[in-house]
Amino acid sequence: MVIVADAVRGYLQYLVVERGLAANTVESYERDLRRYAEMLTARGKDDLADVSAVDVAEFRGVLATGDEAHPPLATSSVGRAVVAVRGFHSFARAQGLAADDPAREVAPPTPPSRLPKAITIDQVERLLDAAGSTEDPDPRVLRDRALLEFLYGTGARISEATDLDVDDLDHLAVEPAVKLSGKGGKQRYIPVGRYAVRALDAYLVRGRPALASAAGRAAGKKASPAVFLNARGGRLTRQGAWGILREAADRCGKSEISPHTLRHSFATHLLDGGADIRVVQELLGHASVTTTQVYTLVTVDKLREVYAASHPRAF
């Protein structure tokens, strides 16, 4: 008899040790699989050998519809959970913990086709100005401006920015660049534009030392190597960075802006400016150019609008 909960723990350990998945990904899988194991236990199926394809399919259905303890999940979240369950059962079969793979025929739901939402260059400038000035004496304002300039200037994910350490910066070099660590620990070097360099200089010289001193005032607290610090001198979290973006968005009247908006805008504006899609792929850190191609649909829409408005025989 193989207990489902024990097999789940083994699978999560495998993801960390053998696959080297990011901590955030493993945490998400752990939540999904814990809920899956709880559902199986409620059905009296603690033994992995008792699990059937019907159980997996019904778990997928419950995720989408919700239950007394959980609200319905978005299609993307259901898909992630099903992928976690499929990976778990595939692992269990490969390790000889189960004779069959009941999740093999249960596919994740097809997500709706969504185009990334970018904002215009003028709207980006208003958002950046709303974060504050590089001449402001407040270290938090200098940090906020540097963070948003960095996100738009490099196309970095918010997690990549908050994970950034001072040693990763080469912004004072003749050709400014930064080393980013993306999904799966894959690293890439990204050029940094002069506006972002200027904002980073102002923050690192006049803002970060003041924030870092807060950590020094805490007895025995070691200074953080992070580029972006919170008010207590520790590493700025993703939630904290998202809060900075949201506050700037509210001040400039663009409350619908999401954490990925500056990254989407970075890619869209590069393609609009004539950048090659494979260059944009490298800058974004996409493993496949197929992921990057969704941005070309945005630019095609723009071309269609311009054509319709400008060509004398469009209609």
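Up top you'll find the structure we're talking about.
Residues numbered from 1 in each chain as written. Predicted model: local features only at pLDDT ≥ 70, side-chain atom pairs only at ≥ 80, totals over all residues. Heavy atoms only, no water.

J.: Please explain the environment of leucine 33 as it appears in this structure.
T.: Following the sequence through the fold, leucine 33 ends up in helix H2 (residues 23–42). Given a relative accessible area of 0%, leucine 33 falls into the buried group. Remark: the alpha-carbon pair of leucine 33 and leucine 12, spanning 21 residues in sequence, is separated by 9.3 Å. (Helix = DSSP H or I, 4+ residues; strand = E, 2+ residues; numbered from the N terminus. Buried < 20%, exposed > 50% of the residue type's maximum accessible area, 1.4 Å probe, protein only.)

J.: What is the right way to look at the nonpolar core in this model?
T.: Formed by 50 residues in total, the largest nonpolar core has its most connected members in Leu127, Leu147, Leu148, Phe150, Tyr203 and Phe228. Contributing elements (two or more residues each) for this core: helix H5 (121–131), helix H6 (139–154), helix H7 (158–162), strand E2 (177–181), helix H8 (194–217), helix H9 (238–251), helix H10 (261–272) and helix H11 (277–284). A per-element tally of this core places H8 first, with 8 residues. Those residues in contact with tyrosine 203, other than ones at most four positions away along the chain, are Pro139, Leu142, Arg143, Ala146, Arg208, Pro209, Leu211, Val227, Phe228 and Leu229. (Core = buried A, V, L, I, M, F, W, Y, C linked by side-chain atoms within 4.5 Å. Contact = heavy atoms within 4.5 Å.)

J.: Can you walk me through the pattern of salt bridges in this structure?
T.: Inspection of the entire model under this criterion finds 18 salt bridges. For aspartate 67, the salt bridge identified is with arginine 35, shortest N-O distance 3.6 Å. Here aspartate 67, found in the loop between helix H3 (53–65) and helix H4 (75–94), pairs with arginine 35, found in helix H2; they are 32 residues apart in sequence, far enough to count as distant. With a shortest N-O distance of 2.8 Å, lysine 254 and glutamate 256 are connected by a salt bridge. Take glutamate 256: its relative accessible area is 54%, and that puts it in the exposed class. One network of salt bridges, in which partners are shared, links Arg43, Lys45, Asp55 and Glu58. (Salt bridge = Lys/Arg side-chain N within 4 Å of Asp/Glu carboxyl O.)

J.: Looking at this structure, how should I read the sheet that holds strand E1 (residues 169–170)?
T.: The strands making up a sheet associate through backbone hydrogen bonding, with each pair oriented either parallel or antiparallel. Judged by pairing direction, the sheet is antiparallel, and its 3 strands sit side by side in the order E1-E2-E3 without closing on themselves. Looking at which strands have only one partner, the edges of the open sheet turn out to be E1 and strand E3 (187–191). (Pairing = 2+ DSSP bridges.)

J.: I tried to follow the side chain of threonine 292 on my own but got confused; where do I start?
T.: Along the polypeptide, threonine 292 turns up in helix H12 (residues 289–292). Given the relative accessible area of 0%, threonine 292 is considered buried. Other than its neighbours up to four places away in sequence, threonine 292 contacts Ile277, Val280, Gln281, Leu284 and His286.

J.: What am I meant to see in H11 here?
T.: The periodicity of an α-helix, 3.6 residues per turn, causes residues three or four positions apart to be oriented the same way. Here H11 has its buried residues at Val280, Gln281, Leu283 and Leu284. For H11, the angular spread of buried residues about the axis comes to 165°, placing them on one side. Exposed side of H11, more than 90 degrees from the buried face: Arg278 and Glu282 are the residues found there. A distance of 2.8 Å separates the backbone nitrogen of arginine 278 from a side-chain oxygen at the start of H11, and that oxygen is part of aspartate 276. Positive backbone phi, approximately 80°, marks glycine 285, located one or two places after H11. (Arc of directions from axis to C-beta. Polar contact = N/O pair within 3.5 Å; in protein donor to acceptor, adjacent residues only side chain to side chain.)

The analysis is restricted to geometry; functional conclusions fall outside its scope.
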